[in-house]
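Chain by chain, the residues run as shown.
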Amino acid sequence: MHLEATLRNRLSSFVESRRDRLVKIIRDLVRIPSENTPPVGNEEACQQHVAEYLKGQGLETELYYFRDVKGLREHPLYFPGREYGNRPNVAARRKGRGGGRSLVLSGHIDTVPKGTQPWIRDPFGGEVEGNLLYGRGSNDMKGGVGTNLFMAEALRELGIELKGDLIIESVSDEEFGGVNGTLAGRLKGYNGDAAIITEPSFLRICPAQRGGRTVHITLSSTGGVLPEGKFPTGVIDPIRYFLLKMQDFAEQRKKKAPVHEFYADSQDPVPVSITKLTTGPWGTKEPITIPETCQIEMYWQMMPGEKQEDIERDFHKWFEGIVKAAPELFPVKPKIQFPIRWLPGSAIARSEPLIAELAECAGNVMGKEPLIQGIEAPCDMYVFHQAFNTPAVLWGARGGNTHAADEYLEIDSVVAAAKAQLQFVCQWCGVAG
């Protein structure tokens, strides 16, 4: 079905008139810290706030803990090693009148930590300056969770009854490759005919995600500053060598990875990066010495369809080769660890009605067709695609400094995202009466 122009205009006008309300919902979420610091997290207080809000909108709401989800720990996608005693999920259902399609609006409430980078603004202040709302998680992804909550309020105030069920969920533990919260929601039965995950997609429809893999590499050698004979280089020479050779692995990935159609315009579909590199503590309380140990965090991304065993076989072959080619640089065998789960790439078919209908709603709001592209990062969408056969896309606002200091959300874009999303909810689920 397609919405009548009068209803579309009514929905857009409502969102525009309530933009301050939408911003307040998001600010309230930002002001309640919900940092994920594996293996533990701090989502409970914010989830309790979400649950109370949804109950207040008249939805059948459940705050539940992972220990109460049957089959979760036995599921093949469950990732062990996390603690969930105080990290619940929230799910709410707005029952439809019948005869319509059901929809899940999903988002993760956890954020990365505020970190040790200096913030100019309070990480949990929810400060607004002009068109920007600042704070940890404002962009990733409390802007999206807040938009989902706003859907419930908008439908109630507009007096709109839907034909299909609308499910709104807020999950814990998505960051750092968690994903167990998203899996718990599916096993708990909060499923639908389609799903929108309101990650910050920059007002693009993203039916695909890249995969992601993180590896920790420890290099060791001898250091000091007062040797007998040759001055030591410690791990400096191995670091230099490793960083140069890493480009070979990156080039190998570019040549071997099949570029998915949703990434056809990407300049680097499968990037290989160094995300952390440290040789120890800093400052005058530490001795001046040549470092003996270096920890390197290496991160690569994958295309939908690539297999874990193929890429990791290539990685180990490459790494063993560079070590074997320069044994004098590696007196101690380097250690390799994979600290978080393998996150696969995933995509749905371009022909899915979800994509076309959301594109129609977004186009009506923006005055032009939205871009349909794969997102430049891994996320939890693959659980919907691969384990529960549910068409799902990412749709959300624009922001910046994601995972960095002074993270922000662009308010105009979250208003536009909400307008398109409200229209889509009504179109997809159907309006009763």
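For the structure, see preceding data.
Residues numbered from 1 in each chain as written. Predicted model: local features only at pLDDT ≥ 70, side-chain atom pairs only at ≥ 80, totals over all residues. Heavy atoms only, no water.

**Student:** I keep staring at the overall build of the chain and nothing clicks. Help me out?
**Tutor:** On a plain count of helices and strands, the chain comes out with 10 helices and 18 strands. Expected size for 433 residues packed as a compact globule is a radius of gyration near 22 Å; at 24 Å, the chain falls within 12% of this value. Summarising its shape, the C-alpha atoms of the chain cover approximately 90 × 45 × 45 Å along the three principal directions. Partitioning the contacts of the chain with sequence separation of at least 6, the portion at a separation of at least 24 is 84%. Surface accessibility of the chain: about 18800 Å² in total, with carbon and sulfur atoms responsible for 51%. With 50 positive and 55 negative side-chain charges, the chain shows a separation of 1 Å between the mean positions of the two kinds. (Helix = DSSP H or I, 4+ residues; strand = E, 2+ residues; numbered from the N terminus. Rg over C-alpha atoms; globule rule 2.2 N^0.38 Å. Contact = heavy atoms within 4.5 Å. Areas by Shrake-Rupley, 256 points an atom, 1.4 Å probe, with all protein chains shown as cover. Lys, Arg positive; Asp, Glu negative; His and termini not counted. Charge placed at Lys NZ, Arg CZ, Asp CG, Glu CD.)

**Student:** Just checking my understanding: could you explain helix α3 (residues 44-56) for this structure?
**Tutor:** Helical geometry: 3.6 residues make up each α-helical turn, so side chains three or four residues apart lie on a common side. The terminal C-alpha atoms of α3, which comprises 13 residues, lie 18 Å apart, in line with the 18 Å expected from a rise of 1.5 Å per residue. Taken together, the buried positions of α3 are Cys46, Gln47, Val50, Ala51, Tyr53 and Leu54. Projected down its long axis, α3 shows its buried positions confined to an angular sector of 160 degrees, all on one face. Exposed and facing more than 90 degrees away from the buried side of α3 are Glu52 and Gly56. Looking at the packing, one finds that the buried side of α3 touches α2 (19-30), β3 (60-64), β4 (89-94), α4 (138-158) and β8 (166-171). (Expected span 1.5 Å × (residues − 1). Buried < 20%, exposed > 50% of the residue type's maximum accessible area, 1.4 Å probe, protein only. Arc of directions from axis to C-beta.)

**Student:** In this structure, what is going on with the sheet that holds strand β13 (residues 293-302)? I would like to understand it.
**Tutor:** Across a sheet, strands are paired by hydrogen bonds formed along the backbone, either parallel or antiparallel in direction. Pairing is antiparallel across the open sheet formed by 4 strands, whose spatial order is β12-β13-β11-β14. Unpaired on one side and paired on the other, β12 (272-278) and β14 (335-337) mark the two borders of the sheet. On average, adjacent strands in this sheet sit at an angle of 20 degrees to one another, irrespective of strand direction. The pairing of β12 with β13 spans 6 bridges and is antiparallel. Bridging across to β13, threonine 278 finds its partner in glutamine 295. Along the sheet face, helix α6 (residues 236-256) touches β11 (211-220), β12 and β13 and points at about 160 degrees away from the line of β12. (Pairing = 2+ DSSP bridges. Axes fitted to C-alpha atoms, helices over the stretch in contact; angles between N-to-C directions.)

**Student:** Can you help me understand the sheet that holds strand β16 (residues 392-394) in this one?
**Tutor:** Reading across the sheet, the 6 strands line up as β3-β4-β8-β5-β9-β16 and stay open at both edges, with mixed pairing between neighbours. Looking at which strands have only one partner, the edges of the open sheet turn out to be β3 and β16. Across the sheet, the axes of successive neighbouring strands diverge by a mean angle of 15 degrees, strand direction being ignored. Bridge analysis of β4 against β8 gives 5 bridges, and the strand direction is antiparallel. Bridge pairing in β8 links arginine 93 to isoleucine 167. Packing against the sheet, helix α5 (residues 180-187) makes contact with β3, β4, β5 (103-108) and β8, and its axis sits at approximately 150 degrees to β8.

**Student:** Would you mind showing me how to read α2 here?
**Tutor:** Here α2 is 12 residues long and its end C-alpha atoms lie 17 Å apart, about the 16 Å a rise of 1.5 Å per residue gives. Taken residue by residue, α2 has Leu22, Val23, Ile25, Ile26, Asp28, Leu29 and Val30 as its buried positions. Against the buried residues of α2 lie α3, β6 (128-129), β7 (132-134), α4, β18 (408-410) and α10 (411-429).

**Student:** Looking at this structure, how should I read the packing of α3 against α4?
**Tutor:** Two quantities define a packed helix pair, namely the angle between the helix axes and the distance between the axes. Between α3 and α4, the shortest axis-to-axis distance is 10 Å and the interhelical angle comes to 20 degrees. Judged by the angle between their axes, α3 and α4 are roughly parallel. Crossing angle aside, the handedness with which α3 passes α4 is right-handed. Counting all contacts with α3, which are made through Cys46, Val50, Tyr53 and Leu54, the residues of α4 involved are Lys142, Leu149, Phe150, Ala152 and Glu153. Of the residues in the contact of α3 with α4, the class split is 7 nonpolar, no polar and 2 charged. (Parallel < 35°, antiparallel > 145°, perpendicular 65-115°, else oblique. Left-handed = near helix turned anticlockwise from the far one by under 90°. Nonpolar A, V, L, I, M, F, W, Y, C, P; charged D, E, K, R; others polar.)

Fair warning: the whole summary comes from geometry, so function is off the table for now.
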